[in-house]
Amino acid sequence: MTVTYEDAKQQLLNAILNHVPFDGWSETSFRAAITDSDLEDGLARAICPRGAVDLALAYHARGDAVMLERIKTEDMSGLKFREKIAAAVRYRLEAVEDKELVRRGMTLFSLPMHAGEGAKAVWQTCDMIWDALGDTSDDVNWYTKRATLSGVYSSTLLFWLGDDSPDHQRAWEFLDRRIDDVMQFEKLKAQVRDNPLFKPFLAVPNWLASQVKAPMKMRADLPGLLNPRK
């Protein structure tokens, strides 16, 4: 039976998870995953040219997929929007079956050569959350929403990794406080924006901000797109 690219990658990912807690997202773990999955070395390295780095990103993407599925299936109709954001972040963290896998991933993506990939992965998670919750912004707010949530998510992740309270209750309280901080900041911004005394000083910044547009999303109905986001 022919093994597809995605099936082979998932085989490698499943295999490496047994080794990461001991050897990290490393070449040692990647070689062990190749052996355990019974794939040829050449095929495995064609699928994952950067070895364990590609599998670490695949693991992060798997968690994103679990989060999105839960957002779709959970009844969030009775929640305020800030509560929906908090719930989505919780769903993402609860998709992790072993904290050590994430700790090892943070070690990998703290390295200068991989830091950009780590930041991109967090940004994509937050972008998915906003999209799943129905964000339609197409101006500078598209960027500020995702940048702000990236900060909330990253800080909550660090707290969650060290939280040993029952059901991670302290981590969820920490998350609520971070969202409260953001809401207070947004309230302050609105007060400044609506204050007539500040309007002359904000004219140029507001005009510059109005020129910023959100990136175009790929359309799913165009031919030749293998993995369109929308």
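How each quantity is defined
Residues numbered from 1 in each chain as written. Predicted model: local features only at pLDDT ≥ 70, side-chain atom pairs only at ≥ 80, totals over all residues. Heavy atoms only, no water. Helix = DSSP H or I, 4+ residues; strand = E, 2+ residues; numbered from the N terminus. Contact = heavy atoms within 4.5 Å. Axes fitted to C-alpha atoms, helices over the stretch in contact; angles between N-to-C directions. Parallel < 35°, antiparallel > 145°, perpendicular 65-115°, else oblique. Nonpolar A, V, L, I, M, F, W, Y, C, P; charged D, E, K, R; others polar. Buried < 20%, exposed > 50% of the residue type's maximum accessible area, 1.4 Å probe, protein only. Core = buried A, V, L, I, M, F, W, Y, C linked by side-chain atoms within 4.5 Å. pLDDT = per-residue confidence, 0-100. Polar contact = N/O pair within 3.5 Å; in protein donor to acceptor, adjacent residues only side chain to side chain.

1. Remarks on the overall build of the chain
Point 1. Within the chain, the secondary structure is distributed over 11 helices and zero strands.
Point 2. Start at the N end of the chain and walk to the C end: the helices and strands fall as α-α-α-α-α-α-α-α-α-α-α.
Point 3. Sequence separation of 24 or more characterises 62% of the internal contacts of the chain that already satisfy a separation of 6 or more.

2. So, the packing of helix α5 (residues 52-73) against helix α8 (residues 115-132)
Point 1. The contact between α5 and α8 brings their axes to 11 Å, and the two run at 10 degrees. As summarised for this structure, α5 and α8 are arranged roughly parallel, according to the angle between their axes. Of α8, the residues touching α5 (which contributes L57, H60, D64, M67, L68 and I71) are E117, A121, V122, T125, M128, I129 and A132.
Point 2. Partitioning the contact of α5 with α8 into residue classes produces nine nonpolar, two polar and two charged.

3. Points about unusual backbone geometry
Point 1. At D38, a residue that is not glycine, the phi angle is positive and equals roughly 60 degrees.
Point 2. Locating D38 in the fold gives a position in the loop between α3 (27-37) and α4 (41-47).
Point 3. Among the residues examined, D38 registers a relative accessible area of 69% and is labelled exposed.
Point 4. A positive phi is found at D167, a non-glycine position, where the angle reads about 55 degrees.
Point 5. Tracing the backbone through its elements, the reader meets D167 in the loop between α9 (140-161) and α10 (169-194).

4. As for the nonpolar core
Point 1. Among the nonpolar cores identified, the biggest contains 51 residues, and I16 and W25 are the most heavily contacted of them.
Point 2. With eight residues, α5 is the largest single contributor of residues to this core.

5. Section: the confidence of the model for the chain
Point 1. Taken residue by residue, the chain gives an average pLDDT of 86. The fraction at 70 or more is 80%.
Point 2. When pLDDT is averaged over each element of the chain, α5 comes out on top at 98 and helix α11 (residues 199-210) at the bottom at 50.
Point 3. Ignoring residues within four places in sequence, the model shows residues 219-230, a span with pLDDT below 50, making 15 contacts including any to other chains.

6. A few points about the side chain of S137
Point 1. Looking at the element boundaries, S137 is found in the loop between α8 and α9.
Point 2. Taking the relative accessible area as the measure of exposure, S137 reaches 16% and is therefore buried.
Point 3. Side chain to side chain, S137 and D135 meet in a polar contact 2.9 Å long.
Point 4. Not counting chain neighbours up to four residues away, the residues in contact with S137 comprise W142, K145, R146 and A214.

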